[in-house]
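A closer look at the structure
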Amino acid sequence: MHRDIERILLSEEEISRAVERVARQVTRDFVGQEFTVVSVLKGSCVFTADLIRQIPIPLALAFAEVQSYGAGTTSGTMRTRLMPRDEEIQDRRVLLVDDILDSGRTLDFMKSELVAQGAKSVSSCVFLDKPARRLERFEADYRCFEVEDVFVVGYGLDFAGHYRNLPYVGALRPSVLEGASPSMGEVSP
Ligand code: XMP
């Protein structure tokens, strides 16, 4: 385990089973329809890559990037830096994929942007759901796990740009969250 991780919340095996389950639900609901998966960068890149490879029906893939003012572990005011092209969205069903649904601001904002861009419908799929922190009235249509209110990293989720490449989801040690710089090494596999 990485030395900055206090405990593992979700193992690689648990993640893989949950991704397969959600992929089956998406496949069942979207079969026979033109749809675009919109992956919200950067956090959902790992989840999206695993998810779409378990969906054996035609789909288009696009990316969006949302920036929120205000650093740290909470999200502030939103603006997009990158959005899919109009033809990737207009008159199509969209499956919006994100790493974590926390306050709900990111997905609520993204959904409105995609509807304004002409999407026929926008469904949402999240790897993690932290309902305890919700500020917007927003629920995901698909989710892999509900998690407690702790800051988590790994499987695409970062803290200060680090830990996205961990294959599991873990809680950071409080000392790291409080500002000590992330250590770069793995202590054991
Ligand atoms: P909102 O609040 O907009 O949150 O629903 C979505 C974004 O907040 C970040 N976030 C986290 N990132 N570990 C992280 O690495 C967490 O526990 C966490 N909680 C929220 C994340 O960028 C996500 O896209």
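Let us look at the structure shown here.

Of the regular secondary structure elements, the protein chain holds 5 helices and 9 strands. Each helix and strand of the protein chain, placed in order from N terminus to C terminus, yields the pattern β-α-β-α-β-β-α-β-α-β-β-β-β-α. In terms of C-alpha radius of gyration, the protein chain reaches 16 Å, essentially the compact-globule figure of 16 Å for 189 residues. For the protein chain, with 189 residues in total, the buried portion stands at 44%. In the protein chain, the proportion of contacts linking residues at least 24 apart, taken out of those at least 6 apart, comes to 67%. One finds the centroid of the 23 positive side-chain charges in the protein chain at a distance of 1 Å from the centroid of its 29 negative side-chain charges.

We now examine the nonpolar core. Where a protein is soluble and globular, its nonpolar side chains tend to be buried together. Of all hydrophobic cores here, the largest spans 30 residues; its most connected members are Leu10, Phe47, Leu51, Leu95, Phe127 and Leu128. Those elements giving two or more residues to this core turn out to be β1 (5-10), α1 (12-30), β2 (35-41), α2 (45-52), β5 (93-101), β6 (121-129), β7 (142-146) and β9 (169-172). The biggest single contributor to this core is α1, with 7 residues. With residues near it in sequence (within four places) discarded, Phe127 still touches Leu10, Ile15, Phe47, Asp98, Asp99, Cys144, Phe145, Tyr155, Leu157 and Val169. Ala62, Ile89, Leu96 and Val122 belong to the second largest nonpolar core, which has 17 residues in total.

Turning to its location among the elements, Leu61 is positioned in strand β3 (residues 60-68). Along the primary structure Leu61 and Ser183 are separated by 122 residues, whereas in three dimensions their C-alpha atoms are 34 Å apart.

What follows is about the sheet that holds β5. Read from one edge of the open sheet, 6 strands run β4-β3-β2-β5-β6-β7, paired in mixed fashion. The sheet terminates laterally at β4 (78-82) and β7, the two strands that pair on one side only. Taken pair by pair, the neighbouring strands of this sheet meet at an average axis angle of 30°, ignoring direction. Pairing of β2 with β5, which is carried by 5 bridges, proceeds in the parallel orientation.

Calculation criteria
All residue numbers here refer to positions counted from 1 along the written sequence of the relevant chain. Two thresholds apply to this predicted model, a pLDDT of at least 70 for residue-level local features and 80 or more for giving and counting side-chain atom pairs, whereas whole-chain, interface and lining totals are computed over all residues. For side-chain calculations, the full set of non-hydrogen atoms in the structure is used, while hydrogens and water are omitted. Strands here mean DSSP runs of E at least two residues long; helices mean DSSP runs of H or I at least four residues long; both are numbered from the N terminus. The globule rule used here is 2.2 Å times the number of residues to the 0.38 power, and the radius of gyration it is set against is calculated over C-alpha atoms. Throughout, exposure labels follow a simple rule: accessible area from a 1.4 Å probe, protein chains only, divided by the maximum for the residue type, with under 20% read as buried, over 50% as exposed, and the rest as partly exposed. When checking whether two residues touch, look at their non-hydrogen atoms; a contact exists if any pair is within 4.5 Å. Only four residue types enter the charge count, namely Lys and Arg as positive and Asp and Glu as negative; His and the chain termini do not. Each charge is placed at NZ for Lys, CZ for Arg, CG for Asp and CD for Glu. Put simply, buried Ala, Val, Leu, Ile, Met, Phe, Trp, Tyr and Cys residues joined by side-chain atoms within 4.5 Å make one nonpolar core. Strand pairing requires that DSSP identify at least two bridges connecting the strands. Helix axes are fitted to C-alpha atoms over the stretch in contact, other axes to C-alpha atoms as well, and angles between N-to-C directions run from 0 to 180 degrees.

Limitation: the analysis is restricted to geometry and does not speak to function.
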